[in-house]
Number of protein chains: 2
Amino acid sequence: MSKPPVADHRHALTLRDVSEASGVSEMTVSRVLRSRGDVSDATRSKVLEAARALGYVPNKIAGALASQRVNLVAVIIPSLSNMVFPEVMTGISEVLDHTGLQPVVGVTNYAPDREEAVLYEMLSWRPSGVIIAGLEHTDAARAMMQNSGIPIVEIMDVDGTPIDAAVGISHRRAGRQMAEAIIAAGYRRIGFLGTMMPDDHRARKRLEGFTAALAAAGLSVADQEFYSGGSALLKGREMTQTILKRTPDLDFLYYSNDMIGAGGLLHCLEAGIDVPGKLGMAGFNGVDLLDGLPIQLATMDACRHEVGRIAAEIVAGQRASEVVELLPIMQPGATIRKA
Amino acid sequence: MSKPPVADHRHALTLRDVSEASGVSEMTVSRVLRSRGDVSDATRSKVLEAARALGYVPNKIAGALASQRVNLVAVIIPSLSNMVFPEVMTGISEVLDHTGLQPVVGVTNYAPDREEAVLYEMLSWRPSGVIIAGLEHTDAARAMMQNSGIPIVEIMDVDGTPIDAAVGISHRRAGRQMAEAIIAAGYRRIGFLGTMMPDDHRARKRLEGFTAALAAAGLSVADQEFYSGGSALLKGREMTQTILKRTPDLDFLYYSNDMIGAGGLLHCLEAGIDVPGKLGMAGFNGVDLLDGLPIQLATMDACRHEVGRIAAEIVAGQRASEVVELLPIMQPGATIRKA
DNA sequence: TTGAAAGCGCTAACAC
DNA sequence: GTGTTAGCGCTTTCAA
């Protein structure tokens, strides 16, 4: 690890520069720039003028140290590239924009030790709160959050024990509900297609709920297929072809996310398979990409936007710090036949 | 704008706490925790033990103020939700991970004043460098960057005058190349479909290069259609239907991004249109989603991953601060007939 | 190898 | 309405 060439701001402008340029004390300059306390219009404009002319940018590091307040919220998520977290981010930003708080994003790539490192790094900047995906963390990460003394909101999942607040859906319930809908529609030979990610706990819980509901009906997953990496749409295609070749009598395919589901759907339509007559299909997430497919894939909306909003409200102190369970919304689409 | 309930760390652990718990001076504790200078093994382990037991998390605010170094890199991008910037982020992270520098992401939603605000906010934390999308900024934003004294890398575009370094492709050239390929293939009645975003300068430049090349061949865009908001895949479908209804004799559709192109392609295939025989199609970006479509949409790769890597290398001081023009790679796919 | 003193740039608290 | 003083928690510098 080479030594980073970090910034050297020995020559950056300070309050003192603005103070000298305007003939006003540093303290009053500070007041003007933060719009705090009473300052006469005359001095205010003198200060603003000087600051603008110099191109002064306040040093938040010094400000934060002196005031003991940092207007940052750490947002820790597993990935940016799967269309699910951007929507959560949108919800978070919408709310935080009105509060003066700023989200700062950290990405963990579904790796627990990476999550721990990102969290440590972010907590060392003393943010005003943490919004973090999932309920599963390393012991050290959990301890750091517990000791931090700031609001911690775990999002996307409520199946487990939160540190403090949690906002999300029950993925077990989501899996169960989907299984029940599938069974009710008369499907019996059910295949599962998912990711090969042991640390995607939410996908795991959906599958658990799903198989539990199948079991309750005397059924089980007839075949399954997993992937990792690459274009999800393409992988969905390939896996679907594979699983149908291996187990041709499957009458339903449950995908752990919409993207592979969409790939599978495209494959089946091209292959001339009767969907949903001979073969039913469903994904998970409710991504808006589905709207553009030839027919609408059945899915379940994880309320991502709402999750982001509520988590932000908790962090911003506009809402009590508690567990908020949202109910995922079944979108039956056109790939499950009517019961 | 209500007053934010920012964190109050009056009771957080300090070096002094670790110092007292370990019986070692603050200074030496600091040395141990930063692995700087010579410290005996005995004291080192005493300190580490105490820090771990207490759950001490260093205060980077104080550290940054004292040392005048901040290991953060501001990354300012227009959007997270369009599959293009996540790949840039991946490239950035890959490089920065080895340097001790940390990317901090800010999103502007293609709004110049939002960009200015995000930049101001980030510069006030005195980052070690800035990676920012595009060459077009407000005068104030440009001035801030010029005065910052840190490396500024403008990415994704090289058609313009960079503040300092720039890494990207020429979108004018990309548009021109695509037009030339289309003309060479014998298409003559060409339609354009894009976003209604005046501040998406890269899309604008592609269209400029595109129309310039058409003009050079005595051609012009025969019809065009714009959209904003919603599911890009669905919008692509709808726009395509609309433009083909209005101007049925179009023989080529050029889309400003792959997502709407993919929607258009799905529409055409369903409508039984002969692609690429009667109608050619092309998008832009080279997103890997295209791999999963029934046939491969022609596109042009913007080298997003490479752009991220190179920008990060410049910011990290591993590479000279200069303009790096990458050449977009034409991916003819199966939606342009052979010349 | 370790410690003591000074100060990074700003703001809280208090005077005037 | 404005100024003064004393730190925030660390690291730099210098001394031991």
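Residues numbered from 1 in each chain as written. Chains lettered and ligands numbered in written order. Predicted model: local features only at pLDDT ≥ 70, side-chain atom pairs only at ≥ 80, totals over all residues. Heavy atoms only, no water.

- Chain A is annotated in an unreviewed UniProt entry as Transcriptional regulator, LacI family from Rhodobacter ferrooxidans.

Digging into the nonpolar core
Here is step 1 of the chain: Core analysis: the largest hydrophobic core is formed by 72 residues, its most contacted members being I155 of chain A together with I155 of chain B.
Here is step 2 of the chain: With near-sequence residues (within four places) excluded, I155 of chain B lies in contact with V88, I131, I132, A133, G134, V167, V307 and A311 of chain B.
Here is step 3 of the chain: If you look at the next biggest cluster of nonpolar residues, it comprises 49 residues, including A232 and M239 of chain A together with L233 and L279 of chain B. (Core = buried A, V, L, I, M, F, W, Y, C linked by side-chain atoms within 4.5 Å. Buried < 20%, exposed > 50% of the residue type's maximum accessible area, 1.4 Å probe, protein only. Contact = heavy atoms within 4.5 Å.)

Some remarks on the sheet that holds strand β2 (residues 102–107) of chain A
Residue and element names in this part refer to chain A.
Here is step 1 of the chain: Taken in spatial order, the 6 strands line up as β2-β1-β3-β4-β5-β11 in an open sheet, and their pairing is parallel. Strand pairing shows two members of the sheet lacking a second neighbour, β2 and β11 (323–325), which therefore form its edges. The mean angle between the axes of side-by-side strands here comes to 15°, regardless of whether they run parallel or antiparallel.
Here is step 2 of the chain: Summarising the sheet, strand β1 (residues 72–77) and strand β3 (residues 129–133) pair through 4 bridges and their orientation is parallel. Pairing of V73 across the sheet is with G129, part of β3. (Pairing = 2+ DSSP bridges. Helix = DSSP H or I, 4+ residues; strand = E, 2+ residues; numbered from the N terminus. Axes fitted to C-alpha atoms, helices over the stretch in contact; angles between N-to-C directions.)

Looking at the sheet that holds strand β9 (residues 280–282) of chain A
All names here are of chain A.
Here is step 1 of the chain: Ordered in space as β7-β6-β8-β9, the 4 strands form an open sheet in which the pairing is parallel. Looking at which strands have only one partner, the edges of the open sheet turn out to be β7 (221–227) and β9. Averaged over neighbouring strand pairs, the angle between their axes works out to 15° when direction is ignored.
Here is step 2 of the chain: Direction of pairing for strand β6 (residues 190–195) relative to strand β8 (residues 252–255): parallel, over a ladder of 4 bridges. What sits directly across from G191, in β8, is L253.

Observations regarding the protein's contact with DNA strand D
Here is step 1 of the chain: Of all residues adjacent to DNA strand D, which total 24 residues, the nearest are R31 of chain A together with L15, M27, S30 and Y56 of chain B.
Here is step 2 of the chain: Within 4 Å of the protein, the atoms of DNA strand D are drawn from sugar and phosphate moieties in a proportion of 66%.
Here is step 3 of the chain: S40 of chain A is positioned such that a nitrogen or oxygen atom in its backbone is 2.7 Å from a phosphate oxygen of DNA strand D.
Here is step 4 of the chain: Here a base oxygen of DNA strand D sits 3.1 Å away from a polar atom, N or O, in the main chain of A66 of chain A.
Here is step 5 of the chain: Looking at the surface near DNA strand D residue by residue, the class counts come to 10 nonpolar, 10 polar and 4 charged. (Near = heavy atom within 4 Å. Polar contact = N/O pair within 3.5 Å; in protein donor to acceptor, adjacent residues only side chain to side chain. Nonpolar A, V, L, I, M, F, W, Y, C, P; charged D, E, K, R; others polar.)

Focus: the UniProt feature "domain: HTH lacI-type" (unreviewed entry) in chain A
Here is step 1 of the chain: Look at the UniProt record and you will see "domain: HTH lacI-type" (unreviewed entry) annotated at residues 13–67 of chain A.
Here is step 2 of the chain: Summarising residues 13–67 of chain A: 71% helix, 0% strand, and an end-to-end C-alpha distance of 20 Å. (UniProt positions renumbered as here; feature names shortened; annotations may be inferred.)

Some details on the protein's contact with DNA strand C
Here is step 1 of the chain: Within the structure, DNA strand C sits among 24 residues, and L15, S30 and Y56 of chain A together with S25 and R31 of chain B are positioned closest to it.
Here is step 2 of the chain: Put simply, 70% of the atoms of DNA strand C that lie within 4 Å of the protein are in sugar or phosphate.
Here is step 3 of the chain: Here a phosphate oxygen of DNA strand C sits 2.5 Å away from a polar atom, N or O, in the main chain of L15 of chain A.
Here is step 4 of the chain: Between DNA strand C and the protein, one listed contact pairs a base oxygen with a backbone N or O atom of A66 of chain B at 3.2 Å.
Here is step 5 of the chain: Every element with two or more residues in the surface near DNA strand C is listed here: α2 (26–34) and α4 (60–67) of chain A together with α2 (26–34) and α4 (60–67) of chain B.
Here is step 6 of the chain: Of the residues in the surface near DNA strand C, the class split is 10 nonpolar, 10 polar and 4 charged.

With respect to the packing of aromatic side chains
Here is step 1 of the chain: For the structure on display, the rule yields 9 aromatic pairs over all chains.
Here is step 2 of the chain: Ring pairs connect the aromatic residues F192, F210, F226 and Y254 of chain A, which therefore count as one cluster.
Here is step 3 of the chain: Between the NZ or CZ atom of R337 of chain A and the centre of the ring of Y187 of chain A, over which it lies, the distance is 4.0 Å.
Here is step 4 of the chain: When the ring centre of F284 of chain B is taken as reference, the NZ or CZ atom of R206 of chain B above it lies at 3.8 Å. (Phe/Tyr/Trp six-rings, centres within 6.5 Å; stacked < 30°, edge-to-face > 60°. Lys NZ or Arg CZ within 6 Å of the ring centre and 35° of its normal.)

A word on the relation of the copies chain A and chain B
Here is step 1 of the chain: Least-squares fitting of chain A to chain B yields an RMSD of 0.1 Å, with the transformation described by 0.1 Å of translation along the axis and a rotation of 180°. On this basis, the relationship between the two copies can be described by a two-fold rotation axis. Judged by C-alpha distance, I61 of chain A is the residue of chain A that lies nearest the rotation axis, at 2.8 Å.
Here is step 2 of the chain: The fraction of interface residues of chain A whose copies in chain B are also interface residues reaches 99%, indicating that both copies meet through the same surface. (Least-squares fit on C-alpha atoms with pLDDT ≥ 70 in both.)

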